[in-house]
Amino acid sequence: MPKGVCKKLETIRKHFFWGSSLKDLKVNRKKLHLLAWEKICNPKSKGGLGLVSIQNTNFSLLGKWVFNWFKDRDKDWNKWLRTKYSACPSGGIEDLKLNNKSSELIKSLALIIKTSSLGEHLKMDKFRWEVNNGREVLFWEDSWLEEGPLKEKIKRLYLLSKIKFVSVGVFLDLWDCYNKEGEVFWNRGLRCWEKSLVKQLNNVIIHTHLNDKRDVVIWKGGKTVYTAKEGVELLNAPQVWEIVLIATMWTLWLSRNNRIFSGSKVNVGETVKLRKLRSQEWALARNLILEDAVIWWESNPIGVITRSQAVLEEKLLKCDYELICFSDGAWKEGNRGTFRSGIGGVIKSREGSTKLYFSGPSAATSAFEAEFRAFEELMLLVKKVYGKDLSIMCYTDCLNLVHTLKTVKEERVSNQFSDTKALDFFLEANISVTKVDRSFLQEADYWAKQGSFRASLLVKKF
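Below is a summary of the structure that appears in this document. (Residues numbered from 1 in each chain as written. Predicted model: local features only at pLDDT ≥ 70, side-chain atom pairs only at ≥ 80, totals over all residues. Heavy atoms only, no water.)

1. Brief notes about helix H15 (residues 399–411)
Each turn of an α-helix holds 3.6 residues, which means side chains three or four residues apart point in the same direction. Between the first and last C-alpha of H15 there are 19 Å, a value that for 13 residues agrees with the 18 Å anticipated at 1.5 Å per step. Those residues of H15 lying buried are Leu-401, Val-402, Thr-404, Leu-405 and Val-408. Down the axis of H15, the sector holding all buried residues measures 165°, keeping them to one side. Of the residues in H15, the exposed ones pointing more than 90 degrees away from the buried face are Lys-406, Glu-410 and Glu-411. On its buried face, H15 sits against helix H14 (367–386), strand S8 (392–396), helix H16 (420–428) and strand S9 (431–435). Phi for Arg-412, located one or two positions after H15, is positive at around 60°. (Helix = DSSP H or I, 4+ residues; strand = E, 2+ residues; numbered from the N terminus. Expected span 1.5 Å × (residues − 1). Buried < 20%, exposed > 50% of the residue type's maximum accessible area, 1.4 Å probe, protein only. Arc of directions from axis to C-beta. Contact = heavy atoms within 4.5 Å.)

2. A short note on the pattern of salt bridges
Counting across every chain of the model gives 16 salt bridges. Between Asp-142 and Arg-73 there is a salt bridge whose closest N-O contact spans 2.5 Å. Taken together, the positions of Asp-142 in the loop between strand S3 (127–130) and helix H6 (150–153) and Arg-73 in the loop between helix H3 (54–71) and helix H4 (76–84) put the pair 69 residues apart, joining distant regions of the chain. Each member of the pair, Asp-142 as well as Arg-73, carries the same accessibility label: buried. Residue Arg-214 is joined to Asp-74 by a salt bridge in which the shortest nitrogen-to-oxygen separation is 3.2 Å. Of this pair, Arg-214 sits in the loop between helix H9 (192–206) and strand S4 (216–219) while Asp-74 sits in the loop between H3 and H4; the two residues are 140 residues apart in sequence, bridging distant segments of the chain. What emerges from the salt-bridge pattern is a single network uniting Arg-156, Arg-188, Arg-191 and Glu-194. (Salt bridge = Lys/Arg side-chain N within 4 Å of Asp/Glu carboxyl O.)

3. With respect to the nonpolar core
Residues Phe-139, Trp-140, Trp-144, Phe-171, Trp-186 and Leu-201 are the most contacted members of the largest nonpolar core, which totals 50 residues. Sorting the residues of this core by element identifies H3, helix H5 (104–115), S3, helix H7 (155–160), helix H8 (168–177), H9, S4 and helix H10 (228–236) as the ones contributing at least two each. A total of six residues in this core trace back to one element, the largest contributor, which is H3. Of all hydrophobic cores here, the second largest spans 30 residues; its members include Phe-372, Ala-374, Cys-398 and Leu-423. (Core = buried A, V, L, I, M, F, W, Y, C linked by side-chain atoms within 4.5 Å.)

4. Focus on the side chain of Thr-404
By secondary structure assignment, the location of Thr-404 is in helix H15. On the basis of relative accessibility, which here comes to 16%, the residue Thr-404 falls in the buried class. What Thr-404 contacts, discounting residues up to four positions off in sequence, is Phe-368, Phe-372 and Gln-416.

Now the structure itself:
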């Protein structure tokens, strides 16, 4: 939607909200606007009314097209656009070769990725594939392993490979039929050290198991499936330059007041230093940066924020526990007292590799019960697969669950657990439970929501 149209629609909304009368889309009788429209459009948690601006709605809906660009690669419209704009099958919209004659929609999508705060969450490295039947995922070029695309993980073999831009299923079939070091796969004979890379590649293939389900693209920018609502939340999230701007205006306003009412002189150097200090402290208060990254704040605030987020995620895994577990419950109330509930979770090693995930339905009658059932199922699976000799760290986004489990540990009894085996294991094993932000539970959240549509529990071990 063009900016002019967005602005006009927003103006109509403002006047309607404040009771102004319009005639032929022009203000006939204007009422006083008591609050800035940007504040009204803030979420309720930030003091607004939860209205969504037209521009943010437009951006978030365009973001859905970016998600579909990766998700629907097998569709005719996708193939046609990739051919028209010379995009490789695994490339993102940011790689398209555009000119003045390009489609306005495509140019808008490329502009969002390059200029808007939402674009950082929609770039190609924010998407990962889950391999099921292996028909849609490209073996070398797509990111379907935890470490990223194979063309980057084993770059030497990719440069030598004859078979590029083929699906995982096709490559695995060829791998089973021909000599793995022969001329079918490679442009020349392999050297001794390159043959060791073939063994590494073969190890990846051995641990790849296909099934009859369709391959699924997973979004790593927020929840595992991008929605317009998630896009709006990201656009409303605090931005570093927003903090810097507010800190600058506040510092200048205070300096102006001191000059007028106290007669004090304005020291430019001190004012600039105060502005930087306030920006830094406010960013710390919003958990946008880590304390040990403060020294880089003045020169590279965006880098500090990006690095801080990566460090926080890394710290969740780099702990003294042998198993790192994430559990989540999904619960949604429907019409006439009906509800849908699911549970999901992921178990990882300290190195970050996924060892197991589960997803299934639940009969929970509340959001908290769904969270508890997910944790209970996690306990049963850990006991069955790994035993009680390992130390376990469990992450959840439900503070109530953390408090409840702490009470269970202290009192050594609970009527919350429906299975006594799970309760006994929780009390006997070395288990810690910690609350984290929901952004760290993307995979568990995805499997919980998928579980609400399943008929039975799905458990997949790697």
